[in-house]
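So you can see what is in the structure, the chains are spelled out below.
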Amino acid sequence: MAAMLEKKSTRIRKEEIIQAALDVVGRKGLRSLTISAIAATAGMSEANIYRHFKGKDEIISAIADFIGSSVMGKAATIAAGSRRPLEKLETVFFSHLALIAEHPGIPRFVFSEDVLLAHPDVAQTLAARINSYVETISGIIAAGIQEGEMRQGISPRETALTLLGMIQFTALRSTVGGLPGGIADEGKSLWQNFALLLR
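Residues numbered from 1 in each chain as written. Predicted model: local features only at pLDDT ≥ 70, side-chain atom pairs only at ≥ 80, totals over all residues. Heavy atoms only, no water.

What follows deals with the overall build of the chain. Scanning the chain from N- to C-terminus turns up 10 helices and zero strands. Going residue by residue from the N terminus, the α and β elements of the chain occur as α-α-α-α-α-α-α-α-α-α. Principal-axis analysis of the C-alpha atoms places the extent of the chain at approximately 60 × 45 × 30 Å. The buried share among the 199 residues of the chain stands at 42%. In the chain, once contacts between residues fewer than 6 apart in sequence are set aside, the share between residues at least 24 apart is 64%. Here the chain has roughly 10700 Å² of accessible surface; of this, 54% comes from carbon and sulfur atoms. (Helix = DSSP H or I, 4+ residues; strand = E, 2+ residues; numbered from the N terminus. Buried < 20%, exposed > 50% of the residue type's maximum accessible area, 1.4 Å probe, protein only. Contact = heavy atoms within 4.5 Å. Areas by Shrake-Rupley, 256 points an atom, 1.4 Å probe, with all protein chains shown as cover.)

Attention shifts here to the environment of Gln152. Its location among the elements puts Gln152 in the loop between α8 (120-146) and α9 (156-175). Using a relative accessible area of 61% as the deciding quantity, one classes Gln152 as exposed. Within the structure, the side chain of Gln152 is placed 3.3 Å from the backbone oxygen of Ile145, a separation counted as a polar contact. (Polar contact = N/O pair within 3.5 Å; in protein donor to acceptor, adjacent residues only side chain to side chain.)

Moving on, we get to the UniProt feature "DNA-binding region" (unreviewed entry) in the chain. Taken from the UniProt record, the annotation "DNA-binding region" (unreviewed entry) applies to residues 34-53. Regarding residues 34-53, the helix share stands at 75% and the strand share at 0%, and the terminal C-alpha atoms are separated by 13 Å. (UniProt positions renumbered as here; feature names shortened; annotations may be inferred.)

In this section: the UniProt feature "domain: HTH tetR-type" (unreviewed entry) in the chain. Cross-referencing UniProt, the feature "domain: HTH tetR-type" (unreviewed entry) maps to residues 11-71 in the present numbering. The distance from the first to the last C-alpha atom of residues 11-71 is 20 Å, and the span holds 80% helix and 0% strand.

Now for α8. Here α8 spans 39 Å end to end across 27 residues, near enough to the 39 Å set by a 1.5 Å rise per residue. Tucked inside the fold, the buried residues of α8 contact α4 (56-79), α5 (85-102), α6 (105-110), α7 (113-118) and α9. Taken from the residues just after α8, Gly148 is the one with a positive phi, measuring 80 degrees. (Expected span 1.5 Å × (residues − 1).)

The following block contains the structure:
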């Protein structure tokens, strides 16, 4: 029992470190991600960080895994559910935007030149996850067309990429402070218009 409690404590502590790292990236960018900055944000010692991660590179890999499971993994779970395709698509869209609102560091991390150039293994992992994400969304759209909920003639893959483009540009505008009403309000307007184009 004690061993189980210890493992749970380690898992929770790792999650706290990843959340703190994402917070640093969201506020200051990836170049400001240091063990010292993570420790200060997480409210723990640097030694405690090193008890759970070998160093910054391992934390960067853990952030990529967190993004993969939080965004792409959640989309796959939604896609496998019993809801109608259009409702699934809407849920994926708003779940993704909500995650970005909660963690502004996610888009900063994914599109960071430092990740793409200095961590090619992480970049490859993210690319594979993104491709899987596109396939998941394309599958939802294809089902919507087949069931008559979305109109014939639209391409599932290109429509999926259009949806992701809306998310990406909304995240970019939010990052540079171009969304006075916030991500949620912008998302509602974008979705209402996008849904009309699907029918």
